[in-house]
Structure formats: structure tokens, C-alpha cells
Amino acid sequence: QVQLVESGGGLVQPGGSLRLSCTNSAGTFGTSIMGWFRQVPGKGREFVAAIKWSGAGTWYEDSVKGRFTISTDNAMNTTYLQMTSVKPEDTAIYYCAARTQPNPSTAETGYRFWGQGTRVTVSS
């Protein structure tokens, strides 16, 4: 059974860096694409980035392009979100998600499995 566990959130200063991790207890079997979403109070989950387990394909939300990098370590069944040059507007709860279909999706409804979320706060 797919179970996603995020880690790495915390407090970071503007302009700083942070790396989020998401480990899939079921390995890569049964899932094709891993994604990161974020949510602030009063709003729905917003797509941040996605990647194929094979690494052959990455997608980013425009506001994080050039600042965030998504990657996978298949041997560790882990997906990472490297955040650099962070801004206060990056403050949110970040969720890891897994998609079973092979085609990419930026929609929350396109992902079947979700982690519990990890909080990221960007503040001086």
C-alpha cells in the first residue's frame, strides 16, 4: 500500500534554502508520477512541481521555476523538492502526492495518494 511521508519542513529566512523529502513506503510500484503541492489557509492546494519516477520529465509552476528543483532517488523510493531563493509567499504546508497514470497532471484531483504535509515558513 502506498504511504507517503514528508519531512524537511521548517523555518527559513527569505533568500535561503530548504530541501523537502517524500518517501514512498511501497516503493515506485504502482505509481508513475510524484508531485508536490502547497496550501495556505483559506485556499486549495496549489501545484508546485512534478516528476516521473524515471526522471524523464519534470514540470513546475511558473512562480517556482528557476528556484525549486524536483528530483527522485529511486533506490531510496524518495522524491525531493530543493527550494532555493525562497520568498515569504512560499510559506505554506507542502504536500507530496503520487499519481498512477503515466501522463502528467497539475490538478489536485489527478493524484491518488497524499502525504500528511510538512510546514514551510519563510520569515526573517
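Residues numbered from 1 in each chain as written. Predicted model: local features only at pLDDT ≥ 70, side-chain atom pairs only at ≥ 80, totals over all residues. Heavy atoms only, no water.

J.: In this structure, what is going on with the pairing of strand β11 (residues 118-122)? I would like to understand it.
T.: In the case of a regular strand, side chains alternate between the two sheet surfaces. Side chains Thr118, Val120 and Val122 of β11 all project onto a buried face; the interleaved residues Arg119 and Thr121 project onto a face where none is buried. Pairing of strand β2 (residues 10-12) with β11, which is carried by three bridges, proceeds in the parallel orientation. Bridge pairing in β11 places valine 12 opposite valine 122. As defined by bridge partners, strand β9 (residues 92-99) adjoins β11 across three bridges and the pair is classed as antiparallel. Bridge pairing links isoleucine 93 to arginine 119 in β11. (Buried < 20%, exposed > 50% of the residue type's maximum accessible area, 1.4 Å probe, protein only. Helix = DSSP H or I, 4+ residues; strand = E, 2+ residues; numbered from the N terminus. Pairing = 2+ DSSP bridges.)

J.: Can you walk me through unusual backbone geometry in this structure?
T.: Most peptide bonds are trans, and most residues other than glycine sit at a negative phi. Within the chain, asparagine 77 stands out as a residue other than glycine whose phi angle is a positive 50°. For asparagine 77, the location among the structural elements is in the loop between β7 (68-73) and β8 (78-83). The exposure class assigned to asparagine 77 is partly exposed, which follows from its relative accessible area of 23%. Positive phi, normally seen in glycine, also occurs at serine 85, with a value near 45°. Structurally, serine 85 is set in the loop between β8 and β9. Given the relative accessible area of 41%, serine 85 is considered partly exposed.

By themselves, these observations are geometric and do not establish any function.
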